[in-house]
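Listed here are the chains, written in short residue letters.
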Amino acid sequence: METLDIHKKSLEIQDIISIYSKESFVCFFADFIRHNPERSQLGFSNKLKSKLKDSIYLIMLRLSSPIDGEEVLLYSEEVDKNLKKVADILLQMVDFYLGDIYSKDFDEIKNERHKRFIHEMAFKDYFQNGVLNYREQELNKVIRLFHPYQDKIKERLGIELRSLIDICQYSEDDYIKKSIRSKSFLSKKEFSKFAKKSLVGTKLNKKFSNEFFHLPEDIQNDFLDFNERPHSCLLFTKENYYEVFEKNDVDIFCNLFSIPIDGDYNNLFYSQPNPLDANPIIKINDFEYLNVFQKQLPTALYNLLYATLTASAKETEQLNLRRGKVILERHTREIFERSFKKSKHLTVFSNYYVNENPEEKDLLIIADGNAFVIECKSSRNREPRRDSNQAFQRIKSDFNDCIQKGYEQCYQVEQLILNCPNISIKSNNLVQDLDTSYINDVFSIVVTSERFGTIQSDLGLLLKKPIEEDLYPWSISIDDLEIFLKTLNLEFNNPTRRFVEFLEYRELLNERLFSRDELDVCAMYLNNPSNFKKICESSDYIVTDPLLQRHFDELYFSKRLKINILGF
């Protein structure tokens with residue numbers, strides 16, 4: 001395979017973008033990240049494979065350059081040409097990472113194309129996906145795991161957990177208010193008339209200048225401000241926050257989650273850890289801060305608190321136990337109980353034992369004659385190695401520790417239910433006999449704390465079954481499970497029956513599905529259940545449309561799909 005000098009290519013990009021001032025560059029791409037749906041008509045945008053990850057890479061690559069840059073980055077045809085060059089080089093680099101030399105001595109999978117596909121998908125899932133959850137879900141993760149450690153957090157960081165949560169929430173609310181205010185001119189009658197006369201699509205016609213100066217002065221000023229500084233709603237000052245929070249708390253928050261624009265950075269490579277993941281705010285000058293991507297703030301807070309509270313091996317062990325055994329299992333049970341509350345007959349066993357088997361199982365739910373055998377796994381999905389000789393082994397190892405293990409535990413219970421007329425279940429120190437003749441169907445479900453992307457959506461890629469004819473389980477991350485089951489309850493009178501229908505047909509997609517997000521598949525069902533069933537019963541290879549997830553976004557932004565922030 002033809003080699004590519006990644007170092008040289010990275011420097012080529014850096015040379016192109018370093019003609020622009022650092023401030024204008026980071027502000028331009030912060031606006032692009034936050035308002036990408038509105039900026040999708042920009043030519044270079046279509047060449048970027050991951051709008052978020054590519055943008056934060058370019059921001060840090062620009063900040064790593066010693067060149068000040070003289071040009072102010074404002075969108076124009078010339079700027080678009082330069083950014084298209086950047087996108088083309090970036091695509092070469094990512095393609096090279098994925099097409100690097102593959103080991104010839106993998107034992108378990110003989111098909112080289114299969115191995116290459118798994119590595120490529122794992123790489124893209126990890127490096128090219130941003131935070132896919134809703135903000136409230138991310139904040140609730142923080143609250144669920146860390147609220148018992150409030151004293152330690154205050155002692156080690158100097159700020160209360162509640163203050164950290166409140167400032168994160170205020171940051172988003174502040175942005176929304178500023179954004180609405182900055183675009184208020186769009187809703188004024190005078191501007192609507194002007195736009196009809198002066199705009200053809202997104203381009204100005206010759207009448208623009210004459211018509212513009214007939215607008216009221218306040219509308220002219222608002223229009224010019226918005227065009228010159230569309231990122232202004234992403235800026236804030238400490239003084240703004242001092243009006244709402246204690247000065248010391250604001251200072252600590254900004255120190256924890258920001259990096260200075262003039263700092264000393266050395267982020268040359270795409271796959272390097274990006275400082276903006278941990279510090280998604282850039283300090284522009286002594287007064288202003290820029291929210292590069294606010295959706296990352298709760299995730300950055302989660303990672304900070306995890307690092308803060310795992311100073312010793314004992315603390316790490318205790319926190320990991322709480323994260324999996326307590327938090328994930330309890331949250332999963334709550335989600336299912338809430339979803340199945342309309343069921344006529346519902347029985348729930350948690351932390352149970354079957355037929356004197358000494359191995360504890362997580363969750364068994366019997367709802368209207370259907371058994372759901374559920375295992376919860378909080379194992380980490382580690383960063384894929386760029387050394388392709390080691391990449392597949394790490395991907396396979398993480399998959400086995402999480403999804404494969406969960407499936408095997410589910411399988412034991414599933415087989416007992418299917419093959420034994422009666423089984424004994426011990427839960428909460430109570431033993432109960434279960435007559436399995438009343439169970440119509442059994443579904444194995446593996447719920448994970450993290451997303452595994454493509455290899456989780458199509459279990460045919462890596463899952464090993466004892467018998468080839470056995471059915472595949474369903475595996476989904478806890479956050480996606482919450483959104484899907486909430487939506488089923490919103491849209492259907494009998495969500496349990498609909499869930500069973502989904503699982504019956506969803507199993508058929510394994511071994512012929514390309515989807516980087518399970519919610520894409522869920523949205524296929526919600527948008528058109530009849531068509532979904534036809535697709536599942538076909539023999540076609542299925543590639544899901546990521547735009548289908550707008551189904552959930554529309555419910556969320558219309559406030560029908562509600563996720564309440566937990567109290568503590």
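Thresholds applied
Residues numbered from 1 in each chain as written. Predicted model: local features only at pLDDT ≥ 70, side-chain atom pairs only at ≥ 80, totals over all residues. Heavy atoms only, no water. Helix = DSSP H or I, 4+ residues; strand = E, 2+ residues; numbered from the N terminus. Buried < 20%, exposed > 50% of the residue type's maximum accessible area, 1.4 Å probe, protein only. Pairing = 2+ DSSP bridges. Axes fitted to C-alpha atoms, helices over the stretch in contact; angles between N-to-C directions. Parallel < 35°, antiparallel > 145°, perpendicular 65-115°, else oblique. Left-handed = near helix turned anticlockwise from the far one by under 90°. Contact = heavy atoms within 4.5 Å. Nonpolar A, V, L, I, M, F, W, Y, C, P; charged D, E, K, R; others polar. 1 Å grid on protein atoms, 1.4 Å probe; cavity = no way out; pocket = protein on both sides within 12 Å on 5 of 7 lines; lining within 4 Å. Points joined across faces, edges and corners; volume = space filled by probe spheres on them. Core = buried A, V, L, I, M, F, W, Y, C linked by side-chain atoms within 4.5 Å. pLDDT = per-residue confidence, 0-100. Lys, Arg positive; Asp, Glu negative; His and termini not counted. Salt bridge = Lys/Arg side-chain N within 4 Å of Asp/Glu carboxyl O. Polar contact = N/O pair within 3.5 Å; in protein donor to acceptor, adjacent residues only side chain to side chain. Expected span 1.5 Å × (residues − 1). Phe/Tyr/Trp six-rings, centres within 6.5 Å; stacked < 30°, edge-to-face > 60°. Lys NZ or Arg CZ within 6 Å of the ring centre and 35° of its normal.

1. Description of the overall build of the protein chain
Here comes step 1: Helix and strand content of the protein chain: 24 helices and 15 strands.
Here comes step 2: Buried positions account for 53% of the 568 residues belonging to the protein chain.

2. Details of the pairing of strand 6 (residues 288-291)
Here comes step 1: In the sheet, strand 3 (residues 235-237) pairs with strand 6 via three bridges, with the strands oriented antiparallel. Paired with Thr-237 across the bridge in strand 6 is Glu-288.
Here comes step 2: Counting the residues in the hairpin turn of strand 5 (residues 281-283) and strand 6 gives four residues.

3. Observations concerning the packing of helix 7 (residues 135-146) against helix 16 (residues 297-308)
Here comes step 1: Close contact between helix 7 and helix 16 brings their axes to 8 Å; oriented N to C, the two are set at 15°. Here helix 16 runs roughly parallel to helix 7, going by the angle between their axes. In the crossing of helix 7 with helix 16, the sense of the turn from one axis to the other is left-handed. Each of Arg-135, Glu-138, Leu-139, Lys-141, Val-142, Leu-145 and Phe-146 in helix 7 lies in contact with helix 16, whose residues at this interface are Pro-298, Thr-299, Leu-301, Tyr-302, Leu-305 and Tyr-306.
Here comes step 2: Residues of the contact of helix 7 with helix 16, tallied by class, amount to nine nonpolar, one polar and three charged.

4. Details of the packing of helix 14 (residues 247-257) against helix 16
Here comes step 1: Where helix 14 contacts helix 16, the two axes come as close as 11 Å, and the packing angle between them is 90°. One way to sum up the angle between helix 14 and helix 16 is to call them roughly perpendicular. Here helix 14 contributes Phe-253, Leu-256 and Phe-257 to the contact with helix 16, which in turn contributes Leu-297, Ala-300, Leu-301 and Leu-304.
Here comes step 2: Tallied by class, the residues present in the contact of helix 14 with helix 16 amount to seven nonpolar, no polar and no charged.

5. Re empty space enclosed by the protein
Here comes step 1: Tallied over the full model, the rule gives three cavities of 30 Å³ or more.
Here comes step 2: In this structure, the largest cavity occupies an estimated 70 Å³ of space.
Here comes step 3: Lining the largest cavity, in full, are Arg-451, Phe-452, Gly-453, Gln-456, Ser-457, Ser-475, Ile-476, Ser-477, Asp-480, Arg-516, Asp-517 and Glu-518.
Here comes step 4: When residues of the lining of the largest cavity are traced back to their parent elements, those giving at least two are helix 19 (454-457) and strand 13 (474-477).
Here comes step 5: Top contributing element to the lining of the largest cavity by residue count: strand 13, with three residues.

6. Topic: the nonpolar core
Here comes step 1: Within the largest apolar cluster, 47 residues are counted, with the highest numbers of intra-cluster contacts made by Phe-29 and Ile-282.
Here comes step 2: If one sorts the elements of this core by residue count, helix 5 (residues 77-98) sits on top with nine residues.
Here comes step 3: Among residues more than four places away in sequence, those in contact with Phe-29 are Phe-44, Ser-55, Leu-58, Ile-59, Leu-73 and Leu-83.
Here comes step 4: Within the second largest apolar cluster, 44 residues are counted, among which are Ala-367, Ile-445, Trp-474 and Tyr-556.

7. Looking at the confidence of the model for the protein chain
Caution applies to low-pLDDT parts of the model: their predicted coordinates are not meant to be read in detail.
Here comes step 1: On average, residues of the protein chain score 87 in pLDDT, and 88% of them reach the 70 mark or higher.
Here comes step 2: Long-range and interchain partners of residues 100-110, a stretch whose pLDDT sits below 50, account for 30 contacts in this model, where long-range means more than four residues apart.

8. Quick look at the side chain of Lys-465
Here comes step 1: Note on placement: Lys-465 falls in the loop between helix 19 and strand 13.
Here comes step 2: Buried and without a salt bridge, Lys-465 has Glu-511 as its closest oppositely charged side chain, separated by 4.6 Å.
Here comes step 3: Within the local environment of Lys-465, its side chain forms a polar contact with the backbone oxygen of Glu-468, the two atoms lying 3.0 Å apart.
Here comes step 4: Sequence-distant contacts of Lys-465, that is, excluding residues within four places in its chain, are made with Tyr-407, Asp-470, Leu-471 and Tyr-472.

9. Brief notes about the pairing of strand 9 (residues 370-377)
Here comes step 1: Of all eight residues in strand 9, eight are buried, a share of seventy percent or more.
Here comes step 2: In this sheet, strand 9 lies alongside strand 8 (residues 361-367) in antiparallel orientation, the contact comprising five bridges. Counted as the bridge partner of Leu-363 is Ile-374 from strand 9.
Here comes step 3: With antiparallel pairing between neighbouring strands as the criterion, strand 8 and strand 9 make up a hairpin whose turn holds two residues, including Asp-368 at a positive phi of roughly 50°.

10. Considering the sheet that holds strand 4 (residues 258-260)
Here comes step 1: Overall, mixed pairing links the four strands, which are arranged 3-6-5-4 in an open sheet. The outermost strands of the open sheet, each flanked by one partner alone, are strand 3 and strand 4. Each strand axis lies, on average, 30° off the axis of its neighbour in the sheet, ignoring direction.
Here comes step 2: Along the sheet face, helix 14 touches strand 3, strand 4, strand 5 and strand 6 and points at about 70° away from the line of strand 4.

11. Observations concerning helix 21 (residues 495-506)
Here comes step 1: With twelve residues, helix 21 extends 16 Å from end C-alpha to end C-alpha; this agrees with the ideal 16 Å at 1.5 Å per step.
Here comes step 2: Listed in full, the buried residues belonging to helix 21 are Pro-495, Thr-496, Phe-499, Val-500, Glu-501, Phe-502, Leu-503 and Arg-506.

12. Some points on the environment of Tyr-170
Here comes step 1: Tracing the backbone shows Tyr-170 in helix 9 (residues 161-182).
Here comes step 2: With 74 residues separating them in the primary sequence, Tyr-170 and Val-244 have C-alpha atoms 9.0 Å apart.

13. Concerning the sheet that holds strand 7 (residues 346-354)
Here comes step 1: In space, the seven strands of this open sheet follow the order 11-10-7-8-9-12-13, with mixed pairing throughout. Sheet topology places strand 11 (430-435) and strand 13 at the edges, where each strand pairs with a single neighbour. If you compare each strand with its neighbour and ignore which way they point, the axes differ by 35° on average.
Here comes step 2: Inspection of the sheet shows strand 9 paired to strand 12 (residues 441-448) by eight bridges, in the parallel sense.

14. Here we look at unusual backbone geometry
Here comes step 1: Even without being glycine, Asn-351 reaches a positive phi, approximately 50°.
Here comes step 2: Structurally, Asn-351 can be placed in strand 7.
Here comes step 3: For Asn-351, a relative accessible area of 30% corresponds to the partly exposed category.

15. Examining helix 22 (residues 518-527)
Here comes step 1: The element helix 22 is extensively covered by neighbouring structure, given that nine of its ten residues are classed as buried.
Here comes step 2: Residues of helix 22 that are buried: Glu-518, Leu-519, Asp-520, Val-521, Cys-522, Ala-523, Met-524, Tyr-525 and Leu-526.

16. Remarks on the packing of aromatic side chains
Here comes step 1: Counting across every chain of the model gives 31 aromatic pairs.
Here comes step 2: A centroid spacing of 5.9 Å and a plane angle of 75° characterise the contact between Phe-29 and Phe-32, whose relative ring orientation is edge-to-face. Taken together, the positions of Phe-29 and Phe-32, both in helix 2 (residues 22-34) and three residues apart, correspond to about one turn of that helix. The same class applies to Phe-29 as to Phe-32, namely buried.
Here comes step 3: Ring plane angle 80° and centroid distance 5.0 Å describe the contact between Tyr-556 and Phe-557, whose orientation is recorded as edge-to-face.
Here comes step 4: Look at Tyr-556 and you get buried, because its relative accessible area is 15%.
Here comes step 5: For Phe-557, a relative accessible area of 64% translates into the label exposed.
Here comes step 6: Every member of this aromatic cluster is reached through a ring pair, and the members are Phe-336, Phe-340, Phe-372, Phe-443, Trp-474, Phe-484, Phe-492, Phe-499, Phe-502, Tyr-525 and Phe-532.
Here comes step 7: Positioned over the ring face of Phe-568 is Arg-162, at 4.1 Å from the centre of the ring.
Here comes step 8: Geometry around Tyr-472 places Lys-465 over its ring, the cationic atom sitting 3.9 Å from the centre.

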